[in-house]
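What follows is each chain in one-letter form.
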Amino acid sequence: MTKSGRKGSSRFVWRCVLAAVVVIAYAGACALVSRTLTEWWIPFAFSIALAFLAGVFLWKIWRWFTGSGRFIWNFLVGAVALTGIFSSAFYIVNYACADRATAHEERAEVARVYYKVRHHTRRVGRNRYVQGEAYNVHFMEVKMSNGMLKELEIPYDRYRRTRKGERVTLPVAMGALGVPVILY
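Residues numbered from 1 in each chain as written. Predicted model: local features only at pLDDT ≥ 70, side-chain atom pairs only at ≥ 80, totals over all residues. Heavy atoms only, no water.

Before going further, it helps to examine the pairing of strand E1 (residues 99–125). As paired strands, E1 and strand E4 (residues 167–174) are joined by 7 bridges and run antiparallel to one another. Counted as the bridge partner of glutamate 106 is leucine 170 from E4. Where E1 and strand E2 (residues 128–143) come together, 14 bridges link them in antiparallel fashion. When the sheet's bridge partners are listed, arginine 122 is paired in E2 with valine 130. (Pairing = 2+ DSSP bridges. Helix = DSSP H or I, 4+ residues; strand = E, 2+ residues; numbered from the N terminus.)

Right under this line is the structure:
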């Protein structure tokens with residue numbers, strides 16, 4: 001293999017790794033949105049602003065990823081990647097480093113109890129998957145004391161016992177970045 005062939009294959013590997021990191025970052029942010037007591041768009045707006053600001057100064061770094069020297073293409077790729085990384089960093093640091101000493105019980109009213117039907121995937125042959133058996137995932141939507149609605153996934157036993165209008169107690173603590181989190 002020539003030197004340029006090795007360089008191209010390693011670039012492909014690094015592109016795949018970075019793409020996976022960005023997808024995982026967005027997934028991590030989306031997973032912790034329901035446990036953070038703020039509107040979802042506020043941290044994402046700050047992340048977008050930071051990413052655009054960084055994109056103006058760091059657009060040349062993304063040339064190796066895009067293979068292009070054009071400003072707009074590198075700026076947009078950098079902004080999308082950094083938005084995911086910044087937002088997941090916010091949610092993860094805020095939740096993981098929450099001050100457990102400030103934990104207290106907060107009463108919330110159950111606004112809705114429901115379930116969603118999902119399906120397993122089943123492999124039927126090489127490179128062939130079909131929709132498999134159905135299963136239920138149970139949720140409750142709670143209205144916090146400040147009026148915010150939060151959707152929480154709950155186990156089946158709690159789903160059976162919970163009714164609309166009921167008051168539930170949720171453990172809440174102050175996050176590391178000043179945004180309260182549900183320690184559920």
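Take the nonpolar core next. Counting 13 residues, the largest nonpolar core has Ala108, Met140, Val142, Met144, Leu152, Val168 and Leu170 as its most contacted members. The set of elements that each furnish at least two residues to this core consists of E1, E2, strand E3 (149–154) and E4. Tallying contributions element by element places E4 first for this core, with 3 residues. In this structure, valine 142 is in contact with Ala108, Glu109, Val110, Ala111, Met148, Leu149, Lys150, Leu152, Val168 and Leu170, ignoring residues within four places of it in sequence. (Core = buried A, V, L, I, M, F, W, Y, C linked by side-chain atoms within 4.5 Å. Buried < 20%, exposed > 50% of the residue type's maximum accessible area, 1.4 Å probe, protein only. Contact = heavy atoms within 4.5 Å.)

Between helix H2 (residues 41–58) and helix H4 (residues 71–96), the shortest axis-to-axis distance is 8 Å and the interhelical angle comes to 135°. Classified by the angle between their axes, H2 and H4 sit oblique to one another. When you trace H2 past H4, the crossing you get is right-handed. Seen from H2, the contacting residues are Pro43, Phe44, Ser47, Ile48, Leu50, Ala51, Phe52, Ala54, Gly55 and Val56; seen from H4, they are Phe75, Ala79, Leu82, Thr83, Phe86, Ser87, Phe90 and Tyr91. (Axes fitted to C-alpha atoms, helices over the stretch in contact; angles between N-to-C directions. Parallel < 35°, antiparallel > 145°, perpendicular 65-115°, else oblique. Left-handed = near helix turned anticlockwise from the far one by under 90°.)

In this section: the side chain of glutamate 106. With respect to the helices, strands and loops of the structure, glutamate 106 is situated in strand E1. We note that glutamate 106 is buried and unpaired, the nearest opposite charge coming from arginine 167 at a distance of 8.5 Å. A distance of 3.1 Å separates polar atoms of two side chains, one belonging to glutamate 106 and the other to serine 145. Dropping the residues within four chain positions of it, glutamate 106 is found in contact with Met144, Ser145, Val168, Thr169, Leu170 and Val172. (Lys, Arg positive; Asp, Glu negative; His and termini not counted. Salt bridge = Lys/Arg side-chain N within 4 Å of Asp/Glu carboxyl O. Polar contact = N/O pair within 3.5 Å; in protein donor to acceptor, adjacent residues only side chain to side chain.)

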